[in-house]
Each structure stands twice: as structure tokens, then as C-alpha cells.
Amino acid sequence: MSPSSTPATAAPLIAVVGGTGHQGGSVIDALLAQGARVRALVRDPDRPAARALADRGVELSVGGFTDPAALGSLFDGVDAAFAMTTPFPGGTAQESASGIAIADAAAPAGVPHLVFSSVGGAERASGVPHFESKRRVEEHIETLGIHHTFLRPVFFMDNLSGFMTSVENGQVVVRMALPDGIPLQMVAVRDIGRAAAAILLGGTEVEGSSVEIAGDTLTGSQIAEAIGEHAGLPARYEALPLEAIASFGDMAEMFRWFAETPAYQADFEATRALVPDALDLRGWLASSNWHPGA
């Protein structure tokens, strides 16, 4: 995968957009574990998260997601690049604008391979706003002719540690606006990083195409059971009506889509090829320090 300008003995240099976040951070973890050199885009090099990267040997490139000069510096001379976008806090229009700016900087910089982390189902007209915003970025990347791979993760296991799970009267309660009996595909953020690193470092069968990745598929009751076993507590699942989260807008649309099976359509075989030790939910719970109600 190394361009001719990179000495054969040098470790590949990979640019990472979003390196101080959970997903980008997982990519950096995986790349450093493989001996790659990493250059990360950060807004403020003095923030603790940025300093922590620098302390690990990550080269910092300072600027915003839509700053052409900063992005040009980030991409200068790299062997590959990882990019992701988020609708928070600026909304889906800002998310698309950020992704398009990243792609517009990667093309003239001659980035040999751009791995864009999108979302499972982005290409399937889901109608979910933060899926459609990522698809607009994908489409723009396609128009530029950049050598690219779209990594499309499904629902993050890590999100279960938020408001969806609580401990009430000594019992784990998992609540989602998803009818019980409908399985939900999930992936650990750790494994998004490992999959991205494998693709970035070259030699995978999915390079130049797209791959939807997941580590597990469970119903609401099965999710609650797994979390309850981990916590050593009884557990139950409560399926909320979609109307209960209607005010959440984007999230309500996502759960509406989850119930319109098939929703996510991950390739579990391809996931295992990229991440042989990809975590199922019980594996993620065992490897994390999270306990419901903590």
C-alpha cells in the first residue's frame, strides 16, 4: 500500500480525522498497535485528549473539519486516511458539509486511499437523517474518483451504556423503541477501529468497495439478559412505543427503520475476516468497565 515516496522500511503514515473521539480514537489505538505512524486532526492541541495522543507519539495537525488549509496539511504525504463525520452538534447539514470538505481536501492532496466510516444502510434510502447525511458524503467521494473504501458499522454496543439501560429496584431494565423479537445488529466501537486499521494498512478483500460490519445480533430481551448476567442482576426488556421518542426526531426515525426489517444487513463473515476476535455483546461487556447504573 505504500506510495513510492515512502521508504520501504518506513512504517506507513495514516491520517485520522476525529482522533479525539471514541471512534477515531479506536482507529488510532488499532493503528498504533500495528506499528503505524499516525497524524491526527485536532481542533485544540492543548486539550487533554489531544495531549494524550501526542504523548503516545501521534503527530498533531491543528484545525477544523472544514478548514481546507488544515486538511491539506493533515493529508500531505500520507499513505492512507481515515475520516468520519458526526451530526453533533451542528446537525446533519453540517455533517455532510464536513465530510464533503474532507473529501475535497483529500483529492488534490493525492491521498492514496480514503476509508470513510459511514453507517450500515446508508446506501439503502433509510430516510434516517444522520444516515442520509453520510450517504451524501459517500456520493461526493464517489464523484471525485478517490480510491476509497466505505466502512459501514451498525448500532454501537457502546450506546447501550447510555439512557437505554438503567437499574431500577435491583433489576436491569433495557428500554428501546423496538418491538421485542426483532433482532438488532450491533458492533463494538473497538472493532470499528480494528476493521478500519486492517483496511487502511492494506491487503484486505474489501478495499475499494464497501463493507457493513457487526459483531452480534440480539433481540431486546436477549440484550437485557446479557447485561443482567454481566451485572449479576435480574433483567427485563421494555419495548417502548415509537411515539415515546417522537420528540427525539432523528433517533425516532432510526428506530422506526430498525423495525422495518431487514434493516441492518451486516456481513458477519467479512467482519470476522477484518477482525478475527470481533466482540459479541457478552464479550464487549466482559472487556469493558461499564456496569448499568454506575
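In this report, the structure presented in the accompanying data block is examined. (Residues numbered from 1 in each chain as written. Predicted model: local features only at pLDDT ≥ 70, side-chain atom pairs only at ≥ 80, totals over all residues. Heavy atoms only, no water.)

1. Remarks on helix α3 (residues 68–75)
Turning to α3, its buried residues are Ala70, Leu71, Leu74 and Phe75. Seen end-on, α3 carries its buried residues on one side only, within an arc spanning 125°. Away from its buried face by more than 90 degrees, α3 exposes Pro68 and Ala69. Tucked into the core, α3 has its buried residues touching β1 (13–17), β2 (37–42), β3 (59–62), β4 (80–84) and α4 (92–109). The residue sitting at the N-terminus of α3 and contributing the capping side-chain oxygen is Asp67; that oxygen lies 3.1 Å from the backbone nitrogen of Ala69. Two residues or fewer past α3, Gly77 is found with a positive phi of approximately 75°. (Buried < 20%, exposed > 50% of the residue type's maximum accessible area, 1.4 Å probe, protein only. Helix = DSSP H or I, 4+ residues; strand = E, 2+ residues; numbered from the N terminus. Arc of directions from axis to C-beta. Contact = heavy atoms within 4.5 Å. Polar contact = N/O pair within 3.5 Å; in protein donor to acceptor, adjacent residues only side chain to side chain.)

2. Focus: the packing of aromatic side chains
Applying the stated rule across the entire model yields 10 aromatic pairs. Centre to centre, the rings of Phe155 and Phe258 are 6.1 Å apart; their planes meet at 85°, and the pair counts as edge-to-face. Placement of Phe155 in strand β7 (residues 155–156) and of Phe258 in helix α8 (residues 250–259) is noted, with a sequence separation of 103 residues between them. Phe258 shares its class with Phe155; the two are buried. Aromatic pair Trp257 and Tyr264: ring centres 5.3 Å apart, planes at 85°, arrangement edge-to-face. By the burial criterion, Trp257 is buried, and Tyr264 matches it. A network of ring pairs unites the aromatic residues Phe131, Phe155, Phe255, Trp257, Phe258 and Tyr264 as a single cluster. When the ring centre of Phe65 is taken as origin, the NZ or CZ atom of Arg43, which lies over that ring, is 4.8 Å away. (Phe/Tyr/Trp six-rings, centres within 6.5 Å; stacked < 30°, edge-to-face > 60°. Lys NZ or Arg CZ within 6 Å of the ring centre and 35° of its normal.)

3. Some words on the pattern of salt bridges
Taken as a whole and assessed by the stated rule, the structure comprises 20 salt bridges. The residue Glu138 makes a salt bridge to Arg135 at a minimum N-O spacing of 2.7 Å. In this pair, Glu138 and Arg135 both sit in helix α5 (residues 129–144), 3 residues apart, roughly one turn of the helix. For Arg236, the salt bridge identified is with Glu238, shortest N-O distance 2.6 Å. Overlapping salt bridges, with partners in common, bring together Glu123, Arg124, Arg135, Glu138, Glu139, Glu142, Arg152 and Glu212 in one network. (Salt bridge = Lys/Arg side-chain N within 4 Å of Asp/Glu carboxyl O.)

4. Let's talk about the sheet that holds β1
In spatial order, the strands read β3-β2-β1-β4-β5-β6-β11; together these 7 strands make up an open sheet with parallel pairing. The sheet terminates laterally at β3 and β11 (210–213), the two strands that pair on one side only. Across the sheet, the mean angle separating the axes of adjacent strands is 20° when strand polarity is ignored. Here β1 pairs with β4 via 3 bridges, running parallel. Counted as the bridge partner of Ile14 is Ala80 from β4. (Pairing = 2+ DSSP bridges. Axes fitted to C-alpha atoms, helices over the stretch in contact; angles between N-to-C directions.)

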